[in-house]
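# Geometric and topological summary
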Amino acid sequence: MKDLRLAGRKAERSTIEVNGVTIGGKEIILIGGPCAVESSLQMSRSAETVKKAGGKILRGGVFKPRTSPYSFQGLGLEGLNYLVHAAKDQGLLCVTEVIDALSLDLVINEVDIIQIGARNMQNFELLKLVGRINKPIILKRGLSATVEEWLLAAEYILSTGNSQVILCERGIRTYEPSTRNTLDLSAVGVAKELSHLPVIVDPSHAAGRRDLISSLSKASIAAGADGLLIETHPNPAEATSDGSQSLTPEQFIQLGEELGAVADSVQRIFPSMGQEHTIESLRNQIDSIDQKILEKLADRMQIVQRLGDQKRLDQVKVASRQKEIIHRLTNLATELQLPAELVKKIYALIFEYGIQSQIKSKIAQEKPLELSLGSK
Ligand code: PEP
Ligand code: MN
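Residues numbered from 1 in each chain as written. Chains lettered and ligands numbered in written order. Predicted model: local features only at pLDDT ≥ 70, side-chain atom pairs only at ≥ 80, totals over all residues. Heavy atoms only, no water.

The next point concerns the coordination of the manganese ion (ligand 2). The protein atoms that coordinate the manganese ion (ligand 2) are Cys35 (SG), His205 (NE2), Glu231 (OE) and Asp242 (OD), at distances spanning 2.0 to 2.4 Å. Along the chain, the residues donating to the manganese ion (ligand 2) fall in the pattern C-x169-H-x25-E-x10-D. In this pair, histidine 205 is assigned in helix H7 (residues 203-207) and glutamate 231 in strand S10 (residues 227-231), connecting sequence segments 26 residues apart. For histidine 205, a relative accessible area of 8% puts it in the buried group. (Donors = N, O, S within 2.8 Å, 3.2 Å for Na, K, Ca; no water. Helix = DSSP H or I, 4+ residues; strand = E, 2+ residues; numbered from the N terminus. Buried < 20%, exposed > 50% of the residue type's maximum accessible area, 1.4 Å probe, protein only.)

Listed below in structure tokens is the structure:
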């Protein structure tokens, strides 16, 4: 697919970091909440449920693109307030859908993530608008969109300048009437093969019925999804929209408890209550932390190299700067209850390697100069 210039596969998968949450890493990210924001109490109860289940992000629609113009269209700004406060009270991030420039303007500074709904997947002007902002975008797959069309929609956002796109499979329209849509789980694998972007699954809009959500969620993780977006409502029977597909709080929490084991089985992590402490899960958590440590170390080394490019050879080693760093880090280590000795030993090696690599590249830079001077 030649036009997937930015969305197309890369050597490394992309992860999206948003206010302390990483999407596309080893951890499965659970997003939950009602279809539509209805009241302050509904949102605070939903946030409690999401938190208890191990979720990280609260969802809730305040601008609803409904199939019928007579259906509830959302509470707008009033609803946004309920969503944002409920999330904050539970230490969750929040996401809501935008439908046009005005709704984007109203939510942009309030929420952590913006959602583009299935019905707007090919609203190219809207895609370009969210391409100009600096917030992650959850891009739902259109009701009848091919994976290629979905990835090209992502390409619109990326090519306008926003690199933080999360793809969301939410079921497509087929001839099968027993579910609202058909969850296309193969699309998770296909999208991950064709693109470096994280992929999450919304089983709620796919199934349209709550009895299938638990098994489809687990299947999604097994199929490689990086996260789940699931509707839950404190009282689904009274929901203004999508009640029949919304999990009760008890069901949502129960699902959270079961996801850890499924995540473990495919070398991922989900922080289920009571699950965090199995040997398998602890090892997975260590692997994930080790990867982050190495990635950060690689970033540090690159900066050291760039710094080296600006120094003369006799400026490479600055003892006072090393002392100052060690002083600061050993204080921090004590605060974090880490042995200061450990930090000193690790940093002695890091400094040593950094200096060596700066010296090596200085010598390499100066050689051609000496050669050319010598030949004159
Ligand atoms: C939603 O998430 O509430 C929603 C409307 O989803 P979709 O755009 O996938 O139908
Ligand atoms: Mn919905």
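Read on, since the account is not over.
Here we take up a negative patch on the surface. Taken together, Glu12, Glu17, Glu295 and Asp299 make up a surface patch of like negative charges. Here aspartate 299 is to be found in helix H10 (residues 279-310). (Patch = residues over 30% accessible without salt bridge, like charges linked within 9 Å, V, L, I, M, F, W, Y side chains within 5 Å. Areas by Shrake-Rupley, 256 points an atom, 1.4 Å probe, with all protein chains shown as cover. Salt bridge = Lys/Arg side-chain N within 4 Å of Asp/Glu carboxyl O. Lys, Arg positive; Asp, Glu negative; His and termini not counted. Charge placed at Lys NZ, Arg CZ, Asp CG, Glu CD.)

Ranked by internal contacts, the top residues of the largest apolar core, which has 64 residues, are Leu58, Ile114, Val130, Leu139, Trp150 and Leu167. Among the elements that line this core, the one with the most residues is helix H5 (residues 147-159), at 7 residues. For leucine 139, the residues in contact, after removing those within four places along its chain, are Ile116, Met121, Leu127, Trp150, Ala153, Ala154, Ile157, Val165, Ile166, Leu167 and Cys168. (Core = buried A, V, L, I, M, F, W, Y, C linked by side-chain atoms within 4.5 Å. Contact = heavy atoms within 4.5 Å.)

The tally for this structure, following the rule as stated, stands at 0 disulfides. Looking at the unpaired cysteine 168, the closest cysteine sulfur is the one in cysteine 35, lying at 13 Å. (Disulfide = S-S within 2.5 Å.)

Looking now at the site of ligand 1. With respect to spatial proximity, the complete set of residues near ligand 1 consists of Cys35, Arg59, Lys64, Glu97, Gln115, Gly117, Ala118, Arg119, Lys140, Arg170, His205 and Glu231. Separating an oxygen atom of ligand 1 from a side-chain N or O atom of histidine 205 is a distance of 3.3 Å. (Near = heavy atom within 4 Å. Polar contact = N/O pair within 3.5 Å; in protein donor to acceptor, adjacent residues only side chain to side chain.)

One pass over the structure, following the stated rule, counts 16 salt bridges. As a salt-bridge pair, arginine 141 and glutamate 169 come within 2.8 Å of each other at their nearest N and O atoms. With a gap of 28 residues between them, arginine 141 in the loop between strand S7 (137-140) and H5 and glutamate 169 in strand S8 (residues 165-169) connect regions that are remote in the sequence. Between aspartate 184 and arginine 141 there is a salt bridge; the shortest N-O distance is 2.8 Å. Remark: arginine 141 occurs in the loop between S7 and H5 and aspartate 184 occurs in the loop between S8 and helix H6 (186-194); sequence separation between them is 43 residues. You can call arginine 141 buried: its relative accessible area is 4%. Among the ionic contacts, a cluster of salt bridges with common partners joins Arg141, Glu169 and Asp184.

On to the sheet that holds strand S6 (residues 113-116), then. Whether parallel or antiparallel, the strands of a sheet pair through hydrogen bonds between backbone atoms. Reading around the circumference, S3-S4-S5-S6-S7-S8-S9-S10 is the order of the 8 strands in this closed barrel, with parallel pairing throughout. Neighbour-to-neighbour, the strand axes of the sheet open up by a mean angle of 25 degrees, direction not taken into account. Of the strand pairs in this sheet, S7 and S8 are connected by 4 bridges, and their pairing is parallel. Its bridge partner lying in S8, isoleucine 138 is registered against isoleucine 166. Sitting on the sheet, helix H2 (residues 77-89) is in contact with strand S4 (57-59) and strand S5 (93-97), with an inclination near 160 degrees to S5. (Pairing = 2+ DSSP bridges. Axes fitted to C-alpha atoms, helices over the stretch in contact; angles between N-to-C directions.)

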